[in-house]
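Chain by chain, the residues:
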Amino acid sequence: MKDAKSKELFERAKKHIPGGVNSPVRAFGSVGLTPRFIKSARGAYITDEDNNTYIDYVCSWGAGILGHAHPLVIEKVKEAAELGLTYGAPTEKEIILSELIYECMPSVEVSRLVCSGTEAVMSAIRVARGFTGRTKIIKFKGCYHGHSDGLLVKAGSGALTTSVPDSKGVPSDFSKHTLVALYNDKKSVEELFIRNKNDIAAVIVEPVAANMGVVLPEDGFLNFLRDITDRYGALLIFDEVITGFRLGLGGAQEYYGVKPDITTLGKIIGGGMPVGAYGGRKEIMDMVSPVGEVYQAGTLSGNPIATTAGIETLKILMRDKSIYLRLEEKTKRLEQAAAGGAIRVNRIGSLMSIFFTDRHVTDYDSAISSDTEAYAEYFKFLLENGIYAAPSQFEAMFVSDAHSDEDIEKTCQVFKDYFGSKK
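Note that the structure is predicted; figures quoted are calculated from it, not measured.

## Comments concerning unusual backbone geometry
- Geometrically, the link from Ser 289 to Pro 290 is a cis peptide bond, its omega value of 15° lying close to zero.
- When you line up the elements, Pro 290 lands in the loop between helix 10 (282–285) and helix 11 (304–319).

In structure tokens form, the structure reads like this:
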């Protein structure tokens, strides 16, 4: 498989971009290869600068639930671009997108649009502190909530990939307000509340962890978080940047029947454009300026191009609810093709991870027991056979509605060829 052009571009990029990439996991560091520089994408496929075409299971890290360049979304975006890229002023489209979010997620009565999941989470934490008058938050080891200072503590995603679960440049005065519990471990949460019962503003959690690989909540864990936050007067924040509109129209909160106080969203609600949102009960969101005293602003927040893409994407998902049934079936076939041997497959809906370990993966410690060298070997095999997966053990595989039966069958055969040779 040719990679000369990607190698040339990578060397050129490293002269003016840190590490040659604008997000660490893209560097392919943990799989020992040169990153593929992508020039185009359509449907379930991406094509790199060396003209290699792959079946894509990264899908812009979950944003591409409909596949790349969906014709209806592209048509609407082109029409919007003709009217101007950004105004720095209100538009009706912001209202429409917020109304659609509320229709699908009734817990999000009032929402504020921002430009990324990181910004949504950062703002949600600020609102929780403003509403409760408390300073501390609880997060979970291995869960990633973006790169804001107070949350780069025992983080997942690219921080795990680069073996830097914390970050230099974050003052200890910031991180001291972040308490770390263990995912799926009720006792660890209870102990933090007992020791800090009047200081905890919120618990923030990925309701399905997807940044240490996909790790599902054990039965009753999310209900427990709802109960204990109510008991101690703290807020429950669901980071649904990945699960929102991917596990279903109502996200993980509908899937598990647990209602958070604040929800953060990203990726899919922009249809692939830079957008995010945070929202919740009106009394909480009334803390946000200009109504309340919690300040947050952004020139490009709710810009007309991103909102156009998001509106059309959500409307398609709402019109054709069978999309989620198709996604479930496709991903289940991949799970079955990969199962067996000294690996573990974690899957929910159209999210899936393969762990190279013989342990059941239920938390951070079991996730990092995975053999990352074995994952790198597996990743290379997939790439050589035209399959583009996450270049890191600690990320998810995403399936889109654009993946055809033939795409899934080809991928299943590649799985069988690889894992069959290891038995």
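Moving on, there is more to tell.
## Considerations on the pattern of salt bridges
- The full count for this structure, using the stated rule, is 17 salt bridges.
- Among the ionic pairs, Lys 141 bridges to Asp 365, the shortest N-O distance being 3.9 Å. With Lys 141 in the loop between strand 5 (136–140) and helix 5 (158–161) and Asp 365 in helix 13 (residues 364–367), this residue pair connects regions lying 224 residues apart in the sequence.
- Residues Arg 347 and Glu 335 are paired through a salt bridge, measuring 2.6 Å at the closest nitrogen-oxygen approach. Placement of the pair is Arg 347 in strand 11 (residues 344–348) and Glu 335 in helix 12 (residues 322–338), with a sequence separation of 12 residues.
- Residues participating in the shared-partner salt-bridge network are Arg 226, Asp 230, Asp 261, Arg 281 and Glu 283.

## Things to note about the environment of Val 77
- Inspection of the secondary structure puts Val 77 in helix 2 (residues 71–81).
- Put simply, Val 77 and Leu 97 are 20 residues apart on the chain and 14 Å apart in space, counted from C-alpha to C-alpha.
- Other than its neighbours up to four places away in sequence, Val 77 contacts Ile 305, Thr 308 and Ala 309.

## A few points about the sheet that holds strand 12 (residues 351–355)
- Reading across the sheet, the three strands line up as 11-12-14 and stay open at both edges, with antiparallel pairing between neighbours. In this open sheet, the two strands that pair with only one neighbour each are strand 11 and strand 14 (397–398).
- Sheet topology note: the strand 12/strand 14 ladder contains two bridges and is antiparallel. Its bridge partner being in strand 14, Leu 351 is matched across the sheet by Phe 398.
- Against the sheet, helix 12 touches strand 11, strand 12 and strand 14, its axis set at about 175° to strand 11.

## Let's talk about the sheet that holds strand 1 (residues 38–42)
- If you trace the four strands from one edge of the open sheet to the other, you get 1-2-3-13, paired in mixed fashion. Among the strands making up the open sheet, the edge pair consists of strand 1 and strand 13 (387–388).
- Judged from the four bridges that link them, strand 1 and strand 2 (residues 45–48) form a sheet pairing that is antiparallel. Each bridged residue has a counterpart across the sheet, and for Ile 38 the counterpart in strand 2 is Asp 48.

## Structural notes on helix 2
- Among all positions in helix 2, only Val 73, Val 77 and Ala 80 are buried. Relative to the axis of helix 2, the buried residues are bounded by an arc of 60° and lie together on one face. Residues of helix 2 that are exposed and angled more than 90 degrees away from the buried face: Pro 71 and Lys 78.
- Of the surrounding secondary structure, the elements contacted by the buried residues of helix 2 are helix 3 (92–104) and helix 11.

## Some remarks on the confidence of the model for the chain
- Across the chain, the average pLDDT comes to 93, with 95% of residues at 70 or higher.
- Predicted confidence is poor over residues 156–165, with pLDDT under 50, and the contacts of this stretch with residues over four places away or in other chains come to 26 contacts.

## Considering the packing of aromatic side chains
- Applying the stated criterion to the full structure yields 19 aromatic pairs.
- Taken together, the ring pairs in this structure connect Phe 356, Tyr 375, Tyr 378, Phe 381, Phe 415, Tyr 418 and Phe 419 into an aromatic cluster.

## Here's the deal with helix 12
- Here helix 12 spans 25 Å end to end across 17 residues, near enough to the 24 Å set by a 1.5 Å rise per residue.
- Restricting attention to buried positions, one finds in helix 12 the residues Ile 323, Tyr 324, Leu 327, Lys 330, Thr 331, Leu 334, Ala 337 and Ala 338. Along the axis of helix 12, the buried residues cluster in a sector spanning 155°; they form a single face. Seen from the open side of helix 12, the exposed residues pointing more than 90 degrees away from its buried face are Leu 325 and Gln 336.
- Residues of helix 12 that are buried make contact with helix 11, strand 11, strand 12, strand 14 and helix 15 (405–421).
- Immediately downstream of helix 12, the backbone of Gly 340 shows phi near 115°, a positive value.

## What to know about the packing of helix 7 (residues 186–195) against helix 8 (residues 221–232)
- Two elements in contact, helix 7 and helix 8, have axes whose closest approach is 11 Å; the angle formed by their N-to-C orientations is 10°. Classed by the angle they form, the pair helix 7 and helix 8 counts as roughly parallel. The segment helix 7 lies against helix 8, with Lys 186, Val 189, Glu 190, Phe 193 and Ile 194 engaging Phe 221, Phe 224, Leu 225, Ile 228, Thr 229 and Tyr 232.
- Residues that form the contact of helix 7 with helix 8 fall into these classes: eight nonpolar, one polar and two charged.

## Things to note about the pairing of strand 11
- With four of five residues buried, strand 11 is to be regarded as a mostly interior element.
- Sheet topology places strand 11 next to strand 12; five bridges connect them, and they run antiparallel. Of the residues in strand 12, the one forming a bridge with Asn 346 is Ser 353.
- What sits between the antiparallel neighbours strand 11 and strand 12 is a turn of two residues, in which Gly 349 has the positive phi angle 55°.

Basis of the calculations
Residues numbered from 1 in each chain as written. Predicted model: local features only at pLDDT ≥ 70, side-chain atom pairs only at ≥ 80, totals over all residues. Heavy atoms only, no water. Helix = DSSP H or I, 4+ residues; strand = E, 2+ residues; numbered from the N terminus. Salt bridge = Lys/Arg side-chain N within 4 Å of Asp/Glu carboxyl O. Contact = heavy atoms within 4.5 Å. Pairing = 2+ DSSP bridges. Axes fitted to C-alpha atoms, helices over the stretch in contact; angles between N-to-C directions. Buried < 20%, exposed > 50% of the residue type's maximum accessible area, 1.4 Å probe, protein only. Arc of directions from axis to C-beta. pLDDT = per-residue confidence, 0-100. Phe/Tyr/Trp six-rings, centres within 6.5 Å; stacked < 30°, edge-to-face > 60°. Expected span 1.5 Å × (residues − 1). Parallel < 35°, antiparallel > 145°, perpendicular 65-115°, else oblique. Nonpolar A, V, L, I, M, F, W, Y, C, P; charged D, E, K, R; others polar.

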